[in-house]
Amino acid sequence: DTGVSQDPRHKITKRGQNVTFRCDPISEHNRLYWYRQTLGQGPEFLTYFQNEAQLEKSRLLSDRFSAERPKGSFSTLEIQRTEQGDSAMYLCASSPRVGNTEAFFGQGTRLTVV
Amino acid sequence: AQTVTQSQPEMSVQEAETVTLSCTYDTSESDYYLFWYKQPPSRQMILVIRQEAYKQQNATENRFSVNFQKAAKSFSLKISDSQLGDAAMYFCAYRSASSGAQKLVFGQGTRLTINP
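To keep things clear, this report deals only with the structure shown in the data block. As the structure is a prediction and not an experimental result, all values here were calculated from the model.

### Some remarks on the state of the cysteines
On inspection of all chains with the given rule, the structure shows 2 disulfides over all chains. Between Cys23 of chain A and Cys92 of chain A runs a disulfide, and the two sulfur atoms are separated by 1.9 Å. In this structure the cystine formed by Cys23 of chain A and Cys92 of chain A twists about its S-S bond by roughly -70 degrees; its chirality is therefore left-handed. One end of the pair, Cys23 of chain A, is in strand β3 (residues 19-24); the other, Cys92 of chain A, is in strand β9 (residues 88-95), and 69 residues separate them in sequence. Exposure class is identical for Cys23 of chain A and Cys92 of chain A. Each is buried. Linked covalently through their sulfurs, Cys23 of chain B and Cys92 of chain B form a disulfide whose S-S length is 2.0 Å.

### Re the layout of surface pockets
Here the largest pocket is characterised by a volume of approximately 560 Å³. In terms of lining residues, the largest pocket is bounded by 18 residues, among which Glu44, Phe45 and Leu60 of chain A together with Gln2 and Val105 of chain B are the most central. Where the lining of the largest pocket is concerned, the elements lending two or more residues are β5 (44-50) of chain A together with β1 (3-5) and β11 (105-106) of chain B. Along the lines of polarity and charge, the residues of the lining of the largest pocket split into 8 nonpolar, 7 polar and 3 charged. By volume, the second largest pocket amounts to about 450 Å³. Residue lining of the second largest pocket: 25 residues in total, with Arg110 of chain A together with Gln39, Pro40, Pro41 and Ser42 of chain B positioned closest to the centre. Among the elements of the structure, β9 of chain A together with β10 (88-96) and β12 (110-115) of chain B are those that each provide at least two residues to the lining of the second largest pocket.

### Structural notes on unusual backbone geometry
Cis rather than trans, the peptide bond between Asp7 of chain A and Pro8 of chain A has omega equal to -5 degrees. Position of Pro8 of chain A among the secondary structure elements: in the loop between β1 (5-7) and β2 (10-13). The backbone of Lys73 of chain B sits at a positive phi, close to 55 degrees, despite the residue not being glycine. Residue position: Lys73 of chain B is located in the loop between β8 (64-69) and β9 (74-79).

### Let's talk about the side chain of Ser96 of chain B
Residues and elements named next belong to chain B. When you line up the elements, Ser96 lands in strand β10. Judged by relative accessible area, which is 7%, Ser96 ranks as buried. Polar contacts involving the side chain of Ser96 include one to the side chain of Glu29, which spans 3.0 Å. A polar contact is formed between the side chain of Ser96 and the side chain of Ser98, at a distance of 2.9 Å.

### With respect to the environment of Ala93 of chain B
Residues and elements named next belong to chain B. Relative to the elements of secondary structure, Ala93 occurs in strand β10. Overall, Ala93 belongs to the buried group, its relative accessible area being 0%. Considering only alpha carbons, one finds Ala93 and Tyr33, 60 residues apart in sequence, at a separation of 8.3 Å. With residues up to four places along the chain from it excluded, the contact list for Ala93 reads Tyr33, Leu34, Phe35, Tyr37, Leu104, Val105 and Phe106.

About the cut-offs
- Residues numbered from 1 in each chain as written.
- Chains lettered and ligands numbered in written order.
- Predicted model: local features only at pLDDT ≥ 70, side-chain atom pairs only at ≥ 80, totals over all residues.
- Heavy atoms only, no water.
- Disulfide = S-S within 2.5 Å.
- Helix = DSSP H or I, 4+ residues; strand = E, 2+ residues; numbered from the N terminus.
- Buried < 20%, exposed > 50% of the residue type's maximum accessible area, 1.4 Å probe, protein only.
- 1 Å grid on protein atoms, 1.4 Å probe; cavity = no way out; pocket = protein on both sides within 12 Å on 5 of 7 lines; lining within 4 Å.
- Points joined across faces, edges and corners; volume = space filled by probe spheres on them.
- Nonpolar A, V, L, I, M, F, W, Y, C, P; charged D, E, K, R; others polar.
- Polar contact = N/O pair within 3.5 Å; in protein donor to acceptor, adjacent residues only side chain to side chain.
- Contact = heavy atoms within 4.5 Å.

As structure tokens, this is what we get:
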């Protein structure tokens, strides 16, 4: 296993279009997180899954955003009707169930809305 | 809500010298974890060092050490013998230790430049 994988690495879309990002966590990790990072800022928490259950959502996750983890493995983050303010790096991270261990991050998907 | 503040947007240090990055946080909880993450350009974020709040002893990982002052809510990172590969954005992060609370709260980051 090579770590957390995110696809695509870069996405340019026109305002109003829908986009979907994928995250494949480390295989034995049952916890999965999405964060958003804008230029020059630290990552901000969006949502968290334990297996397939979405246990926490940030108020940053407006109704245009939806995240799923249908089989408790990979996850998708969809943004509908994209706005220029959605331009950011979207980071995925995963961690094991047992113990309070570190979260391992993917390289992120950089979204540019034009 | 917990907050994390990094007051140094940018720092620079000569190669082989020592640099300290500052971090303060605000919380009403007594049990939590603090982290320093490193984000090199165009690469993923990796954990540098972790501190459990219930431990009085400061964490150390090779050239990286922290100064954890719980009462002052301060958590600084010291990098000794700086190397060119240390150049990156450094983020301080907080996580509650309460059951179910898994999200990280990050500071704004400090960009560290290493001068050869």
